[in-house]
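Coordinates in review
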Amino acid sequence: MMGTPGRHRVHKMTLQKFLGSVSILFVLFLTIPAGAQDYFAPHNILKFADYLYRQGDYRRSAAEYQRYLITVGANDSVFYSAALAYKMARNLTAAETYFSEIPREFGGSPLLSRAYLQMGFLWVVRDARRRMASFKKVRLAELNPVSTRQALQTIFGVPFLIHYQFARAGTYYHSLNAPGFSPQEIPFVRKFETLAAEGAKIKEKNPWAAGFLSAIVPGLGRFYVGRPGDGLYSMLFIGISGFSAYRGFARQGIQSGRGWILGGLTSALYLGNVYGSYLSAKIMNQKRKDDFRTQVILQLDLWHSAHRLDDPVR
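A brief look at the structure comes next. (Residues numbered from 1 in each chain as written. Predicted model: local features only at pLDDT ≥ 70, side-chain atom pairs only at ≥ 80, totals over all residues. Heavy atoms only, no water.)

Now for the packing of aromatic side chains. The relative placement of two aromatic rings is captured by the distance of their centres and the angle of their planes. One pass over the full model with this rule turns up 17 aromatic pairs. On the numbers, 5.1 Å between centres and 85° between planes, the contact of Phe 166 with Phe 292 is edge-to-face. Here Phe 292 lies in helix α15 (residues 257–306) and Phe 166 lies in helix α10 (residues 166–176), a separation of 126 residues in the sequence. For Phe 166, a relative accessible area of 16% translates into the label buried. Residue class for Phe 292 comes out buried when judged on its relative accessible area of 4%. Taken together through their ring pairs, the aromatic side chains of Phe 79, Tyr 86, Tyr 98 and Phe 106 make up a single cluster. Positioned over the ring face of Tyr 224 is Lys 205, at 5.0 Å from the centre of the ring. (Phe/Tyr/Trp six-rings, centres within 6.5 Å; stacked < 30°, edge-to-face > 60°. Helix = DSSP H or I, 4+ residues; strand = E, 2+ residues; numbered from the N terminus. Buried < 20%, exposed > 50% of the residue type's maximum accessible area, 1.4 Å probe, protein only. Lys NZ or Arg CZ within 6 Å of the ring centre and 35° of its normal.)

This part takes up the side chain of Ser 234. Tracing the sequence through the fold places Ser 234 in helix α14 (residues 228–252). Looking at Ser 234, the relative accessible area reads 10%, which means it is buried. One polar contact links Ser 234 to Asn 273, side chain to side chain, over a distance of 3.2 Å. Ser 234 has contacts with Gly 219, Gly 239 and Asn 273, leaving out every residue within four places of it along the chain. (Polar contact = N/O pair within 3.5 Å; in protein donor to acceptor, adjacent residues only side chain to side chain. Contact = heavy atoms within 4.5 Å.)

Put into structure tokens, the structure is as follows:
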């Protein structure tokens, strides 16, 4: 019974704190302007969408931009912001759809050029060659300003490089590398032309030839594909194992357990080396292609950064 008054005092203090907090919240609520309490007002939806974008929550940001468009109606800057949010969220199909609404609905928009650049970039990234071909045939020649047209021309040759069509890429970029072309684009044009020339020099190794060479002399196929260390290791290891098996049979004849064990090991190593040489040639070819593709993508990313296509418009 002695602890009861203490518990009452604790409950009384807790109640006082609670009532004090409620009073403060009530006063703060009264001081907030009536318009600010309407969280579903269009301007607040837009502010929330911008906030989410700045925080890197691109999916929710895109959803809020979309909700604003449904609530208010078409708006070129909000279409662009929604498209950019979808792009940052890696939903490239939705991004392209929203970017394409700007030339379709807002022919005089100041965002028109940026929208075309975004669409062209997405076509290249998504390997949408049919859309690029259709655009080049129907729209590109008439596109203004000229700087936008030439910027798109710069990247429309990238699919040739990505698909290792080096002769077509070289011809295409050589035609762009001419007086009068945009000074901003010329460095990229020249780099892509250089990549086309470098790509044409890539020599693939024949996997069957690599396997055949290793079948003749163990490890020789590895030398052929440019891996002399592996070739020397295979040559020595298989040679030592085979010689040891030979010595076993030479000393004990066909009854030699050592000879059979080492002979079996040598056969497995020999066949593995033949297949390994074949596989090494294929892996080496793919690595060279991947390294080349990485250089192309790097230049495309630099082009993207130079045109500041990730910058928000509001």
